[in-house]
Structures are given as structure tokens and as C-alpha cells.
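Fold and geometry: a report
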Amino acid sequence: MAAKTKASEAFSKTLIDEVQKWGCMKQTGVSLRYMMEFGSKPTPRNLLISAQFLHKELPIRIARRAIELQTLPYGLSHKPAVLKVRDWYLDSFRDLRSFPDIKDTNDESEFTQMIKAIKVRHNNVVPMMALGVQQLKKGMAPKIVYEDLDEIHQFLDRFYMSRIGIRMLIGQHVELHNPNPPPHCVGYIHTRMSPVEVARNASEDARSICLREYGSAPDVNIYGDPDFTFPYVPTHLHLMVFELVKNSLRAVQERFMDSDKVAPPVRIIVADGIEDVTIKVSDEGGGIPRSGLPKIFTYLYSTARNPLDEHSDLGTADTVTMAGYGYGLPISRLYARYFGGDLQIISMEGYGTDAYLHLSRLGDSQEPLP
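Analysis parameters
- Residues numbered from 1 in each chain as written.
- Predicted model: local features only at pLDDT ≥ 70, side-chain atom pairs only at ≥ 80, totals over all residues.
- Heavy atoms only, no water.
- UniProt positions renumbered as here; feature names shortened; annotations may be inferred.
- Helix = DSSP H or I, 4+ residues; strand = E, 2+ residues; numbered from the N terminus.
- Contact = heavy atoms within 4.5 Å.
- Expected span 1.5 Å × (residues − 1).
- Buried < 20%, exposed > 50% of the residue type's maximum accessible area, 1.4 Å probe, protein only.
- Phe/Tyr/Trp six-rings, centres within 6.5 Å; stacked < 30°, edge-to-face > 60°.
- Pairing = 2+ DSSP bridges.
- Axes fitted to C-alpha atoms, helices over the stretch in contact; angles between N-to-C directions.
- Parallel < 35°, antiparallel > 145°, perpendicular 65-115°, else oblique.
- Nonpolar A, V, L, I, M, F, W, Y, C, P; charged D, E, K, R; others polar.

The name given to the protein in an unreviewed UniProt entry is Protein-serine/threonine kinase, and the organism recorded there is Parasponia andersonii. Quoted straight from UniProt, the Sequence similarities (unreviewed entry) entry for the protein says "Belongs to the PDK/BCKDK protein kinase family."

This is the structure we're talking about:
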């Protein structure tokens, strides 16, 4: 009951009813291509239309998540970290709903500042939810079959996928206000992104963390045409490739740390097909047993330390470690799927792992709307 009383104190019944009402409304998905074409002329009129759309759309998406946060299985809804996330969602819903109709440029710029603040408020949702799951696991009998937690896994998939969409829409709108956008950029979208170049940057970032942690790092070799470009969101691609390369470097490093053999390089191959651009990250890090493969995409197995964990020193919370906090793969897969792609991992136990990152080239697929 504790969670319920907390809700009624901080949030009026009218607000909760309003959340219920908006949570039942239909969400409207947007395609990469539409965002690109619409944003290519950020006239005051288009910005006004975009703000009016978000004023209606964001409360629907946020309300859905707020409702789901209150009905999670196994008492996850009552964990302090989850209550905190729910409060962020309710606050944001309230901010959006109490904002008056957007009629002119002045309203629009105030609205833009407000949604910018909402995005910042939600910055730590992923580690905070991870903390909630940890709090749940601490209080659970270790013999609980993790298959039973499938419901929580599916919830987190929906929850994080929806969050990617909300952040993309807000970020895209805010970025359209940039008076000096970089060349070929429409908001977050780069109309001529070179996957080879993004892969190179992401690999260098991953290698520097590996160097910091182990004192050495395997080479990363990239194969593909550096001049090949297609429209995509570079930050999303960077996040995914960084994660895959980091995992590969870690596997190779751990496997060859005490060996006289030279650590074999991680290989990245970028291929451009008609429908898909595929990026393969291959390592000889020893692979994963087949029985362990389903586990790598769950949110419930990580042994890594959560940056927000009560026991860890919060001063170090913003440092990225090789282990991350175990959400890298499932979240990378969501980023891939968000624009119609996917992520598959194939492993040869005793040899190494291949990760295939498929990105849809056409940009026509609608956002998935959980």
C-alpha cells in the first residue's frame, strides 16, 4: 500500500484520472523519413506544428508508461527507485498537461524550454530502473526462476523502447532550433552519415576505455567504403557500435591477458545492401556457450555494478566501465529496432562471437509504439 499513499499525497486524484484518460488514447508514430523531410525546413510555422503535435503526443506516451509503472509484477512498482521514476513521469505529464495551447512563436519557444527540461529530468531513468530491478532481486528468493521474470523483461523492453521514441521526438524538436546546424544534419538525423566513420569513432572510444581498464587493447580493423553514406542518427549508431566493440575488446582482452600470443584484432565489416546496411563486429574472444545466449539480452542477469547503487561511490557514477551495467546489449537492440533494424549475436564457443547489426536503409518504417 505504501506506494499508493505516496501517490495520493504528491499527486492529486484529478491528475491520476487524467493520466488514465490520456493513457488510453492512440499514439502516433513517426518515420525517420518523415522526421527528415519535415525537419529539413524548420520554418517558424513548422516548429509551431511540431510543438502542437508534441503537446498532444507526449502526454499520451508518458501517461502509458506512468500507468505501467504502477502495475508491475512481483512488487517491483513499490521499490523506491521505481517510485522515483514514476514520480518523474507524473511530473512530466503534469508539466505537459498544464501547458496552455501553443498559438504563436512565443508559446512555442517556452514549450521547447519545458520539454528540454523534461528530457533532462529523465536522463537517469535507465540506471534508476536497473537499481529498482536490483532492489527487487535482493529481496527475492534466489531460487526464483528467472523465466518467471520474463514479464519484467518484456515490460522493460516496452518501457525503454518508448523512452527512445520520446527522447528522439523531444531531441529532434529542440535541435531544429539550432541556428547553425552542422552540414547535412536535420535535428538528430545526419542525411549523409558514413557508417565507417561512426564505427571508427565508436571503436576508438571503446579502445580508450579498454586501455584505461587493462593497460592494453586489441586492435580494431574496419573494412568497408568510408565514402558510403546513408541517412541515420549518428548518436544511436555510435552507442550501438561502441557497446558491441567494447564487449568484443573485453572478451579478447580477458582471453589473451595471460597468454604469450598476440591478441587478435576485432574486425568490423560494413556492408551496404539495398534494404539494409549491416555492420558485423567479429572477435576471437572465446565466444559464449549456446545456453548463455538468451541471457545476454535480458536485463536481469548483469553482475556489473550499477552506477547509482547505494553502496558505490556516487562521485564515480559517471565513469563508463568496460562492464557497463549490463544493459548495453538489450538496449542496443532496441535502438536498432527503433528505426526498423535489428541486432543478432552468433557465437562459436571456444572461438569467438559475431554481432550483426542491421540498419534499415529506407527509413520508411514507423516507430514501434509499445
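Some details on the environment of I118
By the element assignment, I118 lies in helix α6 (residues 105-121). Between the C-alpha atom of I118 and that of S92, which follows or precedes it by 26 residues, the distance is 6.0 Å. Other than its neighbours up to four places away in sequence, I118 contacts S92, D95, L96 and I170.

With respect to helix α8 (residues 150-175)
An α-helical turn contains 3.6 residues, so any two residues separated by three or four positions project in the same direction. Taking 1.5 Å per residue as the helical rise, α8 with its 26 residues ought to reach 38 Å, and the 37 Å between its terminal C-alpha atoms agrees with that figure. For α8, a buried count of 21 out of 26 residues is recorded, marking the element as mostly surrounded by other parts of the structure.

Re the packing of aromatic side chains
One pass over the structure, following the stated rule, counts twelve aromatic pairs. Judged by centre distance (5.7 Å) and plane angle (25 degrees), the rings of Y34 and F38 are stacked. With Y34 and F38 both in helix α3 (residues 32-39) and four residues apart, this pair spans about one turn of that helix. The partly exposed category is assigned to Y34, whose relative accessible area is 47%. Classification of F38 as buried rests on a relative accessible area of 19%.

Quick look at the sheet that holds strand β4 (residues 230-232)
Strands sit in the order β1-β2-β4 across an open sheet of three strands; the sheet is antiparallel. In this open sheet, the two strands that pair with only one neighbour each are β1 (185-186) and β4. Here two bridges tie strand β2 (residues 189-193) to β4, and the two strands are oriented antiparallel to one another. Following the sheet pairing, H190 is matched in β4 by Y232. Of the strands in this sheet, β1, β2 and β4 touch α3, which is tilted by about 95 degrees from β2.

Let's talk about the packing of helix α7 (residues 125-138) against α8
At a closest axis distance of 12 Å, the pairing of α7 and α8 adopts a crossing angle of 170 degrees. When the interaxial angle is binned, α7 and α8 end up roughly antiparallel. Judged by residue contacts, V125, V126, M129, A130, V133 and L136 of α7 engage I152, F155, L156, F159, Y160 and R163 from α8. By residue class, the composition of the contact of α7 with α8 is eleven nonpolar, no polar and one charged.

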